[in-house]
Amino acid sequence: MKEGIHPYYNAVNVICNTCGNKFETYSTAGELKVEVCSACHPFYTGKVRALARTGQVEKFRQRYNKN
């Protein structure tokens, strides 16, 4: 690596706006504020909701009561 051309890589605090969780990581930016973190995201907490999605034809049939 060339000296003096790379940004300083330092420890920064990450704060979740949703749950208030705080943790430390390394970045070239300053303090980071995120909307969702691993402490409150449904995928990581195990509270994933299964969404039953129907196809376009099924949506049409349900909307107009056609079989």
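Predicted model only: the values in this text are computed from it and were never measured. (Residues numbered from 1 in each chain as written. Predicted model: local features only at pLDDT ≥ 70, side-chain atom pairs only at ≥ 80, totals over all residues. Heavy atoms only, no water.)

The next thing to look at is the pairing of strand β2 (residues 22-27). The two faces of the sheet receive side chains in turn, since in a regular strand these alternate between them. Pairing analysis gives six bridges linking strand β1 (residues 10-16) to β2, with the strands arranged antiparallel. Residue pairing in the sheet places Asn-13 in a bridge with Glu-24 of β2. If you look at the hairpin formed by β1 and β2, you'll find five residues sitting between the two strands, and Gly-20 has a positive phi there, around 85 degrees. (Pairing = 2+ DSSP bridges. Helix = DSSP H or I, 4+ residues; strand = E, 2+ residues; numbered from the N terminus.)

Before going further, it helps to examine the pairing of β1. Inspection of the sheet shows β1 paired to strand β3 (residues 32-34) by three bridges, in the parallel sense. Across the sheet, residue Cys-16 finds its bridge partner in β3, namely Val-34.

This paragraph deals with the side chain of Ser-27. One can find Ser-27 in strand β2. Looking at Ser-27, the relative accessible area reads 14%, which means it is buried. Of the polar contacts made by the side chain of Ser-27, one reaches the backbone nitrogen of Ala-29; its length is 3.0 Å. (Buried < 20%, exposed > 50% of the residue type's maximum accessible area, 1.4 Å probe, protein only. Polar contact = N/O pair within 3.5 Å; in protein donor to acceptor, adjacent residues only side chain to side chain.)

Turning our eyes to something else, we now look at the sheet that holds β3. Strand pairing in a sheet relies on backbone hydrogen bonds. The paired strands run either parallel or antiparallel. Across the sheet, three strands lie side by side as β2-β1-β3; this open sheet has mixed pairing. With partners counted over all chains shown, the strands left at the sheet margins are β2 and β3, one partner each. Strand-to-strand twist of the sheet, defined as the mean angle between neighbouring strand axes without regard to direction, takes the value 35 degrees. (Axes fitted to C-alpha atoms, helices over the stretch in contact; angles between N-to-C directions.)

Now for the pattern of salt bridges. What the rule picks out here adds up to one salt bridge. Across the salt bridge formed by Arg-61 and Glu-58, the nearest N and O atoms sit 3.5 Å from each other. Highlighted residues: Arg-61 and Glu-58, both in helix α2 (residues 56-64), separated by three residues, approximately one helical turn. A relative accessible area of 36% means that Arg-61 is categorised as partly exposed. (Salt bridge = Lys/Arg side-chain N within 4 Å of Asp/Glu carboxyl O.)

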